[in-house]
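Residues per chain, in single letters:
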Amino acid sequence: MVSRLATHIRSISANGGKALGVFVTSGFPTPSDTLSILKAIDQGGADFIELGMPFSDPLAEGLPIQHSSHVALAAGITMRQTLSLAAAFRKQSETPLVLMGYANPIVKYGISNFFRDARSSGVDGVILPDVLPELDSPFLMSARAEGVDLISLIAPTTPDIRIAQIDELSSGFVYAVSVTGVTGSDLGSKTQIQAYLERASVVISHNPLMVGFGIRTHADMVEMTLHTDGAIVGSALVRVIDTLWADQLLSSEDRLEGVKSFVHELKTGSMHV
Amino acid sequence: MNQHKSPKTAGAGSSESSVPPSSVRPTPLPPNSTPPTMPDERGRFGPYGGSYVPEILVPALQELVQGFSDAWVDPAFQLEYHDLLSTYVGRPTALTFANRLTAELGGAKIYLKREDLCHTGAHKINNTIGQILLARRMGKTRIIAETGAGQHGVATATVCAKFGMPCVVYMGSEDMERQHLNVMRMRLLGAEVRPAISGSKTLKDATNEAIRDWVTNVRNTFYIIGSVVGPHPYPQMVRTFHEVIGNEVKSQLQKAERRQSPDALVACVGGGSNAIGLFSPFLDDVGVKMYGVEASGEGLDGLHAATLTLGEPGVLHGAMSYLLQDDEGQVALAHSISAGLDYPGVGPEHAYLKDSGRVEYLTATDKEALEGVRLLSQTEGIIPALETAHAIAALPTLTSKFDKNQIIIVNCSGRGDKDMGTISTYL
């Protein structure tokens, strides 16, 4: 089956552009904010959106996304609510949507039930940073049965031979973690990252290649997409949302406008939408 | 020599495939059969175990699988490991006949395996000695660890001092308060203790922080995990380093009672390393009954840490096992008076041993554990750790199920000095 997400990213690359994926935590700051934040990200120009399914123990996350996950859980977000929010967004936009989360809430939900409900909610793909790509994994088998992309990750420590295997098993795209670290880490030496991304781009042949972790600005995005089809921004937006929603002087329209212009600036380098 | 055989791993012929959904459980073993050799080559104990980790760690875990299996069959490694166990840790630890406790309870003969006599006061150092030798052999220059009660943190800081390696220990900020003495011990030993301030601020969160550190510094850092938990090969490797406990019991029992096997083994279970170390060499011996004792805290209807008793299969800290969790799959807060048992997960091999029926898992409350401290202190002159006291607390009921000529061995996993603050508020 041809991945709608992969096709979308490839068509952007083919026109000389770079895809922007934007992450936000579902239910952050509250479940009732999420749908309007998704729409603001969409209007700001994101090429696809990653909706984070909060987990109590998100071990690949740095402080901003840990914090947003705990706030969302305290506000009562559930897996079913996140799937309903995805479905509500899908009714209003064709922009590809990916869910990102951890194994345990999905095991608890029921792996095949989860992928069935993700598909019927219009979700394009799923990213699970603590599930390794294996041919006989029940996560991969359920995702394939439902025609949902299971997007696998590579890291600077991943040898070429394993990158090739991961490329075989992944669909939608391959997610290159920029640095050894958690989300929101400092990028450090960019020449080192470039060398790794170039190496990965040569090995990967089945999927588009997206880079994420530590990308905060349009300038980062330009630099990090030299050898990739696009970049993903998460922690930086979560920080922006945290600041906007803490400012009692702002109206909810102002806050959503802030989200929209942040995404627009990431995509274009210009503040004005 | 028993200890010199290579770590028990099934070969490529294993029929284990992938992790089945949580509803799938292994069928109980037929009576009088021996359990299959576990784990398989992917680190699975039936549906449990495996590796649920960020991709960044995969090469490091593969390197560790190889490094450990090479080291374990290397006579030079064995020589140094056993030399340190004897001249530094103080092994073999005694097997003490608990004559007054036996008389008090009026049932089976009780022996105590005295892991409390190990250097640093608990069994934990059997494992940290093994892992630091491996770290040095693999060329790693920095050590990290997580700790709950602080016993594993102290055991890690100790071997880092002995080997001259920099050491960072993650500890929940809440635990740093309740186990302040151990924080001071670790600092005196030269380790940096970093507070984990997220979530419940206990062992679970300290483990998250240690994994995040490892993900960031994986190239030069060795993560010394303190129990039979975590991704493959940790549950197998930590078990192997603690099997010295059960192996010593075999020869000591031969001397004391002219028999190789006891009738029953009893140990407390948090992550489950002291229990696995005692049980593992006897698993094939179907005549030996085994009891793991979990912490039921305030009671099974209140806050507790009885993961195997009341948890459900799930994924935490790199492995599938039983887990305390809510209806949404969020990890629940555990509670026990003993910081070392205050953990919502448990080693994957215990999950397998529970489902197969090979080990029976019991519980003891905070109150019963305190009674256990008093009982052992006043009958045997041994003040046990609060963790160990849970195993003691199970004895009054257990011993009555056995004849007077039968033998029960209890793992006296640690000494109670560290808990005097907690204990004194209840006495």
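Residues numbered from 1 in each chain as written. Chains lettered and ligands numbered in written order. Predicted model: local features only at pLDDT ≥ 70, side-chain atom pairs only at ≥ 80, totals over all residues. Heavy atoms only, no water.

## Points about the layout of surface pockets
Of the volumes computed, that of the largest pocket is approximately 720 Å³. Contributing elements (two or more residues each) for the lining of the largest pocket: helix H3 (63–74) and helix H9 (190–203) of chain A together with strand S7 (192–196) and helix H8 (203–217) of chain B. In terms of residues, the lining of the largest pocket owes the most to one element, H8(B), which gives five residues. (1 Å grid on protein atoms, 1.4 Å probe; cavity = no way out; pocket = protein on both sides within 12 Å on 5 of 7 lines; lining within 4 Å. Points joined across faces, edges and corners; volume = space filled by probe spheres on them. Helix = DSSP H or I, 4+ residues; strand = E, 2+ residues; numbered from the N terminus.)

## Re the packing of helix H4 (residues 79–92) of chain A against helix H6 (residues 111–120) of chain A
All names here are of chain A. One can describe the packing of H4 onto H6 by two numbers: an axis separation of 9 Å at closest approach and a directional angle of 25°. Put simply, H4 runs roughly parallel to H6. Of the residues in H6, those in contact with Met-79, Arg-80 and Leu-83 of H4 are Phe-114, Asp-117 and Ala-118. A class-by-class count of the residues in the contact of H4 with H6 yields four nonpolar, no polar and two charged. (Axes fitted to C-alpha atoms, helices over the stretch in contact; angles between N-to-C directions. Parallel < 35°, antiparallel > 145°, perpendicular 65-115°, else oblique. Contact = heavy atoms within 4.5 Å. Nonpolar A, V, L, I, M, F, W, Y, C, P; charged D, E, K, R; others polar.)

## Things to note about the packing of aromatic side chains
Applying the stated rule across the entire model yields 18 aromatic pairs over all chains. When the centroid spacing of 5.3 Å and the interplanar angle of 40° are considered together, the rings of A:Phe48 and A:Phe173 count as tilted. Here A:Phe173 lies in the loop between helix H8 (160–169) and strand S7 (174–177) and A:Phe48 lies in strand S2 (residues 48–52), a separation of 125 residues in the sequence. Considered together, A:Phe48 and A:Phe173 belong to a single accessibility category, that of buried residues. Connected via pairs of aromatic rings, a cluster forms that spans B:Phe68, B:Trp72, B:Phe77, B:Tyr81 and B:Phe241. Taking NZ or CZ as reference, B:Lys109 lies 5.2 Å from the ring centre of B:Phe97, over its face. The positively charged end of B:Lys250 is found above the aromatic ring belonging to B:Phe282, 5.3 Å away from the centroid. (Phe/Tyr/Trp six-rings, centres within 6.5 Å; stacked < 30°, edge-to-face > 60°. Buried < 20%, exposed > 50% of the residue type's maximum accessible area, 1.4 Å probe, protein only. Lys NZ or Arg CZ within 6 Å of the ring centre and 35° of its normal.)

## A closer look at the sheet that holds strand S5 (residues 142–147) of chain B
Residues and elements named next belong to chain B. Read across the open sheet, the four strands follow the order S7-S6-S5-S8; overall the sheet is parallel. Every interior strand has two partners, whereas the edge strands, S7 and strand S8 (221–223), have only one. The average undirected angle you get between the axes of adjacent strands in this sheet is 25°. Both S5 and strand S6 (residues 167–172) contribute to a ladder of five bridges, which runs parallel. Across the sheet, Ala-145 pairs through a bridge with Val-169, a residue of S6. Together, S5, S6, S7 and S8 form the strand contacts of H8, whose direction differs from that of S5 by roughly 160°. (Pairing = 2+ DSSP bridges.)

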